Amino acid sequence: MAHLIQVGAGSGGMPVLDLVCRDPRIHQVTLIEPDIYKPHNVVRHLFPPSGIGEPKAELAEQWLKQIRPELDVRVLNSDLLDPAHAADIDTACATADIGICAADNEQAKLHWDGLMRRHRVPWTLGEVLSGGIGGFVHWFVPGGPCYGCVASHLQRSVTVDKPATPDYSQPGGATPEVTIPASKASIAVIAALHAHLTLELLADRAAFNPGFTSLLLTMQRVRDVFDEAYRPFRFRITRSAECLMCRPGQDGTTSGGTHGATSAPEDLDVALDQALARLGNPGNA
Amino acid sequence: MGLLDSEAGKRRLLTVEVPVIERYNEGRDPDYKIVLVRQAGSLLMRYRLKPTHNIYQLETRLMSSYPAVPPETRVVTPLRHCPHLLEGQTMCLWRQGSSRHTSRWDPARFTCVFAVQAAWRWLACYEIWHQTGEWPLPEAK
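Computed from a predicted model, the values in this text were never measured in an experiment.

### Some words on the nonpolar core
- Counting residues in each nonpolar core, the largest one holds 45 residues, and the members touching the most others are B:Leu58 and B:Trp122.
- If you list the elements that add at least two residues to this core, you get helix H7 (265-280) of chain A together with helix H1 (7-25), strand E2 (42-49), strand E3 (56-62) and helix H2 (112-132) of chain B.
- If you tally residues by element for this core, the top one is H2(B), at 11 residues.
- Not counting chain neighbours up to four residues away, the residues in contact with B:Trp122 comprise B:Leu79, B:Cys82, B:Pro83, B:His84, B:Leu85, B:Met91, B:Cys92, B:Leu93 and B:Trp135.

Below, the structure is given as structure tokens:
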């Protein structure tokens, strides 16, 4: 019996959620997703056109309940980074057995990584490259490399697929594509890999070791980028002792010097006020 | 969830950013020390740099989303319009996917003082450009 926590139910996240939640070991799901289902989502999404205008989180809940009525589904119709929902998200993370990140921006991925490390929850991440030319899947466990270590090591020069920016001049209007979108087939390939990796990690959280920490699967031959299509690249990335995201003191579980991360939150406020007072007038320091 | 209002943000400031600023300031002429001030949900670093002949006043903003989002640096001292200068005299320092690794902001390796060093390099290029009309660093792709 496992509690899954997932951020993102977009075109990449929803098929992962669908595949993972068909597994009988999953008995509870917490989904964090703030967006509304829009007309331009239909072409790459699992949801039917009749769902347009509804929150994706609620459509996802209905979808899962149709497949597994007994599943305990809790949705947080909010942005992962919204301070107003931070306490609810933190509470949900505290009881999670496994996490899935299907967010499409670096800020959310780094924030998710921090949450998962703080609560010692193993988690996975899938990323479809722009144009659907390939994609990454990654897995993370407490004590292993963090997302900062991985992103810093890979230094990807190809951009991860992102949905088009809405046109604020005509809300609700057709949204022109600003990047080359991935096809639903490309998204489905990476989503299936992502779901499979998640279920394997769930099966053996203590000793999981598929021989990589990040897997890149190319799906197209692209000049100066990928020499071959359908070729896997396995990366074994170790935790970096110099990583500023996960070194001691960053996650609240290990000591970090003068302002050790084991300090209480109120102590952090006092220490920060003192530091800002000192640096606000360094001539007196 | 921001730099100044989240536990993770405060820990990053106290264990990474504040110590490197203090190290930068240590023994430095008071006129060239970094002054750090709180401004709404962000932090503003005010400092001076003298890459070669001239002194420039700069501001580097650590936004609420820092370090996921790179710091933004603007030159307060008036400049001539030149390459790699954005609106509001903001320096063009970072680009995701850049072929130059120091131009790809990396929150796992870079601190706010790296942004100050990047600004120094940019200003050194500006002074050479001012004299020769050519930006000395090759264009990153």
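### Describing the pattern of salt bridges
- Scanning all chains against the criterion turns up 19 salt bridges over all chains.
- Between A:Asp72 and A:Arg74 there is a salt bridge, with its nearest N and O atoms 2.8 Å apart.
- In this structure, B:Arg46 and B:Glu59 form a salt bridge, with 3.5 Å as the shortest nitrogen-oxygen distance. Placement of B:Arg46 in strand E2 and of B:Glu59 in strand E3 is noted, with a sequence separation of 13 residues between them.
- The network of salt bridges with common partners includes A:Glu106, A:Lys109 and A:Glu127.

### Considerations on the side chain of A:Ser186
Residue and element names in this part refer to chain A.
- Of note, Ser186 is situated in helix H6 (residues 184-203).
- Here Ser186 falls in the buried class, since its relative accessible area comes to 9%.
- A distance of 3.3 Å separates a polar atom in the side chain of Ser186 from the backbone oxygen of Gly132.
- Excluding residues that lie within four positions of it along the chain, Ser186 makes contacts with Gly132 and Met219.

### Here's the deal with the confidence of the model for chain A
- In the predicted model, chain A carries a mean pLDDT of 88, and the fraction of residues at 70 or more is 85%.
- Long-range and interchain partners of residues 162-172 of chain A, a stretch whose pLDDT sits below 50, account for 11 contacts in this model, where long-range means more than four residues apart.

### Quick word on the state of the cysteines
Residues and elements named next belong to chain A.
- Evaluation of the coordinates by the stated rule reveals 0 disulfides over all chains.
- Cys101 supplies the cysteine sulfur nearest to Cys21, a cysteine that is in no disulfide, at a spacing of 16 Å.
- Given a relative accessible area of 2%, Cys21 falls into the buried group.

### A few points about the packing of helix H4 (residues 106-118) of chain A against helix H5 (residues 147-154) of chain A
Residue and element names in this part refer to chain A.
- Put simply, H4 and H5 touch, their axes get as near as 9 Å, and they point 135° apart. If you check the angle between H4 and H5, you find them oblique. Counted together, Glu106, Lys109, Leu110 and Asp113 of H4 and Tyr147, Gly148 and Ala151 of H5 form the full contact between these two elements.
- Here the contact of H4 with H5 is composed, by residue class, of 3 nonpolar, 1 polar and 3 charged.

### Digging into the packing of aromatic side chains
- By the definition in use, this model includes 16 aromatic pairs over all chains.
- When the centroid spacing of 4.8 Å and the interplanar angle of 75° are considered together, the rings of A:Trp139 and A:Phe208 count as edge-to-face. Separated by 69 residues along the polypeptide, A:Trp139 in strand E6 (residues 134-140) and A:Phe208 in the loop between H6 and strand E7 (214-218) bring together distant segments of the chain.
- Here A:Trp139 falls in the buried class, since its relative accessible area comes to 9%.
- With a relative accessible area of 13%, A:Phe208 lands in the buried category.
- Among the aromatic residues, those joined into a ring-pair cluster are B:Tyr56, B:Trp122, B:Tyr126, B:Trp129 and B:Trp135.
- The ring of B:Tyr24 carries the charged tip of B:Arg28 above its face, separated from the ring centre by 3.7 Å.

### Quick look at the packing of H1(B) against H2(B)
All names here are of chain B.
- Where H1 meets H2, the axes come as close as 8 Å, and the angle between the chain directions of the two elements is 45°. When the axis of H1 is compared with that of H2, the two are oblique. Two secondary-structure elements touch here, H1 through Glu17, Val20, Ile21 and Tyr24 and H2 through Cys112, Val113 and Val116.
- Tallied by class, residues from the contact of H1 with H2 come to 6 nonpolar, no polar and 1 charged.

### A short note on the sheet that holds strand E4 (residues 98-101) of chain A
Residues and elements named next belong to chain A.
- Ordered by their spatial adjacency, 8 strands build an open sheet running E3-E2-E1-E4-E5-E6-E7-E8, and the pairing between neighbours is mixed. Each of the sheet's edge strands pairs with one partner strand only, and the pair in question is strand E3 (72-76) and strand E8 (232-235). Averaged over all neighbouring strand pairs, the angle between strand axes comes to 15°, with direction disregarded.
- Of the strand pairs in this sheet, E7 and E8 are connected by 4 bridges, and their pairing is antiparallel. Note that in E8 the partner of Ser214 across the bridge is Phe235.
- This element, H4, spans strand E1 (2-7), strand E2 (26-32), E4 and strand E5 (123-128) of the sheet and lies at about 170° to E5.

### Points about the environment of A:Leu217
All names here are of chain A.
- Along the chain, Leu217 turns up in strand E7.
- Under the relative-accessibility criterion, Leu217 is labelled buried at 18%.
- Each C-alpha atom, one on Leu217 and one on Phe136, is 6.4 Å from the other, the two residues being 81 residues apart in sequence.
- The residues contacting Leu217, other than those within four sequence positions of it, are Gly134, Gly135, Val189, Leu193, Tyr230, Arg231 and Pro232.

### Here's the deal with helix H2 (residues 56-67) of chain A
All names here are of chain A.
- Between its first and last C-alpha atoms H2 spans 17 Å; for 12 residues at 1.5 Å apiece the expected length is 16 Å, and the two agree.
- Within H2 the residues assigned to the buried category are Lys56, Ala57, Leu59, Ala60 and Leu64. Within H2, the buried residues cover an arc of 160° as seen down the axis, which keeps them to one side.
- Elements in contact with the buried residues of H2: helix H1 (13-21), E2 and E3.

Scoring rules and cut-offs
- Residue numbering note: each chain is counted from 1, following its sequence as written.
- Lettering of chains starts at A and numbering of ligands starts at 1, both following the order in which they are written.
- Given that this is a predicted model, residues contribute local features only at a pLDDT of at least 70 and side-chain atom pairs are listed and counted only at 80 or more, while totals for whole chains, interfaces and linings are drawn from all residues.
- Excluded from the side-chain calculation are hydrogens and water; included are all heavy atoms of the structure.
- What makes a nonpolar core is a set of buried Ala, Val, Leu, Ile, Met, Phe, Trp, Tyr and Cys residues whose side-chain atoms join them at distances within 4.5 Å.
- Whether a residue is buried, partly exposed or exposed follows from its accessible area with a 1.4 Å probe, protein chains only, as a fraction of its type maximum: under 20%, in between, or over 50%, in that order.
- Only DSSP runs of H or I covering at least 4 residues are called helices, and only runs of E covering at least 2 are called strands; the numbering of each starts at the N terminus.
- In this description, contact between two residues means that some pair of their heavy atoms is separated by no more than 4.5 Å.
- By convention in these notes, a salt bridge is any Lys or Arg side-chain nitrogen within 4 Å of a carboxyl oxygen on Asp or Glu.
- We define a polar contact as two N or O atoms separated by no more than 3.5 Å, with the added condition that, inside protein, one atom must be a possible hydrogen donor and the other a possible acceptor, whereas residues neighbouring each other in sequence contribute only through side-chain atom pairs.
- Confidence of the predictor at the level of single residues is given by pLDDT, which spans 0 to 100.
- Cysteine sulfurs are considered disulfide-paired once they come within 2.5 Å of each other.
- Inter-axis angles, ranging from 0 to 180 degrees, are taken between N-to-C directions of lines fitted to C-alpha atoms, where helices are fitted over the stretch in contact.
- An angle below 35 degrees is treated as roughly parallel, one above 145 as roughly antiparallel, one from 65 to 115 as roughly perpendicular, and anything else as oblique.
- The classification used treats Ala, Val, Leu, Ile, Met, Phe, Trp, Tyr, Cys and Pro as nonpolar, Asp, Glu, Lys and Arg as charged, and all other residues, Gly among them, as polar.
- Two aromatic rings, drawn from Phe, Tyr or Trp (for Trp, its six-membered ring), form a pair once their centres lie within 6.5 Å of each other, and the interplanar angle then sorts them: stacked below 30 degrees, edge-to-face above 60, tilted otherwise.
- Only when the NZ of Lys or the CZ of Arg is both within 6 Å of the ring centre and within 35 degrees of the ring normal is a charge said to sit over the ring.
- At least two DSSP bridges between two strands are needed for those strands to be called paired.
- Given the number of residues in a helix, its expected span is that number minus one, multiplied by 1.5 Å.
- In this context, the arc is that of the directions from the helix axis out to the C-beta atoms.

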